[in-house]
Protein chains: 2
Amino acid sequence: MAITLDAQTADFETRFAAFLETKREVSDDVDQTVRDIIADVRTRGDEALIDYTKRFDRNSLSAETLRIGEAEFDAALAAADPETVKALELARDRISAHHLRQLPADDRYADALGVELGSRWTPVESVGLYVPGGTASYPSSVLMNAVPAQVAGVERVVMAVPAPDGVLNPLVLVAARLAGVSEVYRVGGAQAIAALAYGTQTVGAVAKIVGPGNAYVAAAKRQVFGKVGIDMIAGPSEVLIVADGDNDPEWIAADLLAQAEHDTAAQSILVTDDAAFAAAVEAAVASQLTRLKRGETAAASWRDFGAVILVPSLDGAVALADRIAPEHLELAFDAAEAFAARVRNAGAIFIGRHTPEVIGDYVGGSNHVLPTARSARFSSGLSVLDFVKRTSILKLGSEQLRALAPAAIALAEAEGLDGHARSVAIRLNM
Amino acid sequence: MAITLDAQTADFETRFAAFLETKREVSDDVDQTVRDIIADVRTRGDEALIDYTKRFDRNSLSAETLRIGEAEFDAALAAADPETVKALELARDRISAHHLRQLPADDRYADALGVELGSRWTPVESVGLYVPGGTASYPSSVLMNAVPAQVAGVERVVMAVPAPDGVLNPLVLVAARLAGVSEVYRVGGAQAIAALAYGTQTVGAVAKIVGPGNAYVAAAKRQVFGKVGIDMIAGPSEVLIVADGDNDPEWIAADLLAQAEHDTAAQSILVTDDAAFAAAVEAAVASQLTRLKRGETAAASWRDFGAVILVPSLDGAVALADRIAPEHLELAFDAAEAFAARVRNAGAIFIGRHTPEVIGDYVGGSNHVLPTARSARFSSGLSVLDFVKRTSILKLGSEQLRALAPAAIALAEAEGLDGHARSVAIRLNM
């Protein structure tokens, strides 16, 4: 059973602050192991990749079978349930349409002095997309990472996905095919990240690596950061649902459990102004739990990290939401739109009683890769902006240089950089 | 003397590839020291901050004197050379005007199904700006970091700057005042980063930390990343100048040295199609070096990391520029504009013979915090986007939910997440 916090009790602030500090993840210290694996892949290339894959994935590969061939894609597509393929196509098209709107515009202008300034956006040349193996090998995540890269104009999108015991989720290959990704390697873990960052005989190095992974993958991404770009390090998923008593408790319970079933470290929080409704939701959670395939996972998540927060009025809950800075914020009450406008820290907001967060996981069109663990205070979900970069442009003629020179020289001299001052002054015979 | 590479020799590709891999920084392993300092500041707060400041900066502070008072700002401003203050004001205004154009627009629309989607940008609530002490304590960097934060709408911008032996560059305080930053603490190193990330009795925690620093500061930023956001980890500065033989060799030599005087690990590269011009530039560098205050630093940089690359035609140098992915790219030849349009990887491009890179350091208006060490392949210079974050919005009515439900349910079931499927299905009595 989740904890209950009542905003009208005297110790609420203390308990809420402690709740915010709750660590949901024990990150194993795998840094040294990962460092060794990366060094080995850098030295031995394919050979190291093959060795680790045999050891960790119990899968025997050769340089020839590291990369997945066209025939395997064809077979995966042929074997897939047509309805699932159609759903993936719909998801791809909706993600693509929404992300097209995120393409940033170049800017170029001359200011009053005639100085030309500009910002120009270009796609990252090549991107590696990591996809976990096993039960967390989600085709929807392939789309959420690959489609924005394609929309951005990245020429080479490479995928790495481990095949533990030789088993690969064929829908991951279908999603890759639908997203236009054809260069896929069946490797995982820190060794895959090392291969993507530094390249091997078979795997060409990329400029940026994105996608979720386990502790080894996360540590490897941190270590190769700088050599290549990386996206965020994602933590366990979370939802904050703000709901009034006019909701069907079964609906809200289902939403809380959709989050909880991801992971025992996932977190579902309900904020409501109606204690009786809260009790009804808790009862519905208990009852639905018994009927979920992943009930054990969801039960552990709800027991250890779930929370019900009672507030005197939903309106006052904006401040709580901002402090929680949830990955997903679901607003199930009539005044949701006004509430949403006042929220500052949230990865994504789902407005109204007919927008369960799950729609955003698959077919809403927005991205499901979102900031977790309160990082919505300072970061954003995955977007086209993660696959482009900006070059700034400056262009002066001699007149403009003459106008700006005195200030530039004064500042260079104030900073003790007379070589800087000279680089300007020498052009003016000063 | 810098190395010379000739693109028309047989071993050029080998030598150029090796040149690209040159490490210019030896990063000391200070991780454990930094870990201990952060843990101590988290535990003991102000007391630890005061202890480390006494030990590392030889500066005795109390909780009352950690923060710089209004009188000190006033004194710094009163003592400053009026011409320098005017130059800082011009720089601030130009940076502000340019960065205002970077404010991203919100988006909200309904698609053909009536599904409402949106992206909403909000400023990060609070930002900590680290400013190094000693000779690298640059007022221009204060403006380059603080002004974009102010333009973004960050309510609380905090600065930390060490005062070794009690000495502080008063122009740093002037720049802070001009940029509207009034909360400044005289602390530095890993202890300052820890205080900004976790807070102490006196220093309130921030959501994001930006700004350059030494190895301890860089390591601390990496370690607190996740608890707070951070900007890039900047390496030593670099310039690539592409110039034809029609330039005054003295001008180009001055530009190469403006970069080299920053740091012995800085890098200046000249690409030209004119061997005689290259020789003239090298001679001018040698002669100007003797007249630079920071001549020793510049000489070491030019000797150890400087390079002259001879190419058969400037036009073919775009590919080289993209592989170098320079922080600064200066194009001093008539066809610079067309060349710039074809370059993909560069932090900033300076177009034409009258745009020395130094203008961009101070008063051009664009930001001088730019990606180094080839990271322009995957990242951008500092901008307003570093101080805002995006929340995505999704809103469905019952009709839209009904339209998207089958695909969402199909994908949830394909991924084995029946709790996800139920969260949608339950709303349709399916």
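- Per an unreviewed UniProt entry, chain A carries the name Histidinol dehydrogenase and comes from Nitratireductor arenosus.
- Comment text from UniProt for chain A, heading Pathway (unreviewed entry), reads "Amino-acid biosynthesis; L-histidine biosynthesis; L-histidine from 5-phospho-alpha-D-ribose 1-diphosphate: step 9/9."

**Concerning the overall build of chain A**
Turning to step 1, where the next piece is worked out: A count of helical and extended segments in chain A gives 17 helices and 14 strands.
Turning to step 2, where the next piece is worked out: With the C-alpha coordinates of chain A rotated into their principal frame, the extents come out at 85 × 60 × 40 Å.
Turning to step 3, where the next piece is worked out: For chain A, long-range pairs separated by at least 24 residues make up 74% of all intrachain contacts whose partners lie at least 6 apart in sequence.
Turning to step 4, where the next piece is worked out: Carbon and sulfur atoms form 52% of the exposed surface of chain A, whose accessible area is close to 15400 Å².
Turning to step 5, where the next piece is worked out: Between the averaged position of the 39 positive side-chain charges in chain A and that of its 57 negative side-chain charges there is a distance of 7 Å.

**Observations concerning the interface of chain A and chain B**
Turning to step 1, where the next piece is worked out: Tallying the contact residues gives 118 residues for chain A and 118 residues for chain B.
Turning to step 2, where the next piece is worked out: Contact with chain B buries surface across chain A, with Arg344, Phe378 and Arg427 of chain A losing the most and accounting together for 8% of the total.
Turning to step 3, where the next piece is worked out: If you look at where chain A meets chain B, you find 14 salt bridges.
Turning to step 4, where the next piece is worked out: One salt bridge in this structure joins Asp255 of chain B and Arg427 of chain A, with 2.6 Å as the shortest N-O distance.

**Brief notes about the packing of aromatic side chains**
Turning to step 1, where the next piece is worked out: Following the criterion strictly, the structure yields 8 aromatic pairs over all chains and no others.
Turning to step 2, where the next piece is worked out: Aromatic side chains Phe12 of chain A and Phe16 of chain A sit 5.4 Å apart centroid to centroid with 20° between the ring planes, which places their arrangement in the stacked category. Residue Phe12 of chain A and its partner Phe16 of chain A are located together in helix H1 (residues 12-21), separated by 4 residues, close to a single helical turn. No difference in accessibility class separates Phe12 of chain A from Phe16 of chain A, as the two residues are buried.
Turning to step 3, where the next piece is worked out: Residues Phe333 of chain B and Phe339 of chain B carry aromatic rings whose centres are separated by 5.4 Å and whose planes lie at 85° to one another, so their mutual orientation is edge-to-face. Phe339 of chain B carries the same exposure label as Phe333 of chain B, and that label is buried.

**Topic: the domain arrangement of chain A**
All names here are of chain A.
Turning to step 1, where the next piece is worked out: The assigned domain composition of chain A is domain 1 (3-25 + 235-364), domain 2 (31-230) and domain 3 (396-428).
Turning to step 2, where the next piece is worked out: Each of domain 1 and domain 2 was reduced to a C-alpha centroid, and the two centroids are 32 Å apart.
Turning to step 3, where the next piece is worked out: In total, about 520 Å² of surface goes out of reach between domain 1 and domain 2, with carbon and sulfur atoms giving 49% of it.
Turning to step 4, where the next piece is worked out: If you look at where domain 1 meets domain 2, you find 0 salt bridges.
Turning to step 5, where the next piece is worked out: The tally of links from domain 1 across to domain 2 stands at 2 residue pairs in polar contact (both at pLDDT 80 or more).
Turning to step 6, where the next piece is worked out: By residue class, the composition of the side of domain 1 that touches domain 2 is 2 nonpolar, 3 polar and 2 charged.

**Here we look at the sheet that holds strand S2 (residues 107-110) of chain B**
Turning to step 1, where the next piece is worked out: If you trace the 9 strands from one edge of the open sheet to the other, you get S1(A)-S11(A)-S10(A)-S9(A)-S12(A)-S13(A)-S14(B)-S3(B)-S2(B), paired in mixed fashion. Of all strands in the sheet, those bounded by a partner on one side alone are strand S1 (3-6) of chain A together with S2 of chain B. Sheet twist, expressed as the average angle between the axes of neighbouring strands with direction ignored, equals 15°.
Turning to step 2, where the next piece is worked out: Inspection of the sheet shows strand S9 (residues 238-243) of chain A paired to strand S10 (residues 267-272) of chain A by 6 bridges, in the parallel sense. Note that in S10 of chain A the partner of Val242 of chain A across the bridge is Val271 of chain A.
Turning to step 3, where the next piece is worked out: In the packing of helix H12 (residues 295-305) of chain A onto the sheet, contacts are made with S10 and strand S11 (307-310) of chain A, and the angle to S10 of chain A comes to roughly 55°.

**A closer look at the environment of Ser287 of chain B**
Turning to step 1, where the next piece is worked out: Along the chain, the position of Ser287 of chain B falls in helix H11 (residues 275-289).
Turning to step 2, where the next piece is worked out: C-alpha of Ser287 of chain B to C-alpha of Glu125 of chain B: the two residues are 162 residues apart in sequence and 51 Å apart in space.

**Looking at the relation of the copies chain A and chain B**
One chain copy maps onto the other through a rotation about an axis and a shift parallel to that axis.
Turning to step 1, where the next piece is worked out: Between chain A and chain B, which share one sequence, the superposing operator has a rotation angle of 180° and an axial displacement of 0.0 Å; the RMSD is 0.0 Å. This pairing of chains is accounted for by a two-fold axis.

**A word on the sheet that holds strand S2 (residues 107-110) of chain A**
Paired through their backbone hydrogen bonds, the strands of a sheet run either parallel or antiparallel.
Turning to step 1, where the next piece is worked out: Pairing in this open sheet of 9 strands is mixed, and the strands run S2(A)-S3(A)-S14(A)-S13(B)-S12(B)-S9(B)-S10(B)-S11(B)-S1(B) from one edge to the other. Because the sheet does not close on itself, it has two edges, and the strands there are S2 of chain A together with strand S1 (3-6) of chain B. On average, each strand axis in the sheet is tilted by 15° relative to the strand beside it, whichever way the strands run.
Turning to step 2, where the next piece is worked out: For S1 of chain B and strand S11 (residues 307-310) of chain B, the ladder comprises 4 bridges, and the chain directions are parallel. Within S11 of chain B, the position partnered with Ile3 of chain B by the bridge is Ala307 of chain B.
Turning to step 3, where the next piece is worked out: Lying over the sheet, helix H1 (residues 12-21) of chain B contacts S1, strand S10 (267-272) and S11 of chain B, oriented at roughly 135° with respect to S1 of chain B.

How each quantity is defined
- Residues numbered from 1 in each chain as written.
- Chains lettered and ligands numbered in written order.
- Predicted model: local features only at pLDDT ≥ 70, side-chain atom pairs only at ≥ 80, totals over all residues.
- Heavy atoms only, no water.
- UniProt positions renumbered as here; feature names shortened; annotations may be inferred.
- Helix = DSSP H or I, 4+ residues; strand = E, 2+ residues; numbered from the N terminus.
- Contact = heavy atoms within 4.5 Å.
- Areas by Shrake-Rupley, 256 points an atom, 1.4 Å probe, with all protein chains shown as cover.
- Lys, Arg positive; Asp, Glu negative; His and termini not counted.
- Charge placed at Lys NZ, Arg CZ, Asp CG, Glu CD.
- Buried area = accessible area lost by both parts, 1.4 Å probe.
- Salt bridge = Lys/Arg side-chain N within 4 Å of Asp/Glu carboxyl O.
- Phe/Tyr/Trp six-rings, centres within 6.5 Å; stacked < 30°, edge-to-face > 60°.
- Buried < 20%, exposed > 50% of the residue type's maximum accessible area, 1.4 Å probe, protein only.
- Domains from an automatic or database assignment.
- Polar contact = N/O pair within 3.5 Å; in protein donor to acceptor, adjacent residues only side chain to side chain.
- Nonpolar A, V, L, I, M, F, W, Y, C, P; charged D, E, K, R; others polar.
- Pairing = 2+ DSSP bridges.
- Axes fitted to C-alpha atoms, helices over the stretch in contact; angles between N-to-C directions.
- Least-squares fit on C-alpha atoms with pLDDT ≥ 70 in both.

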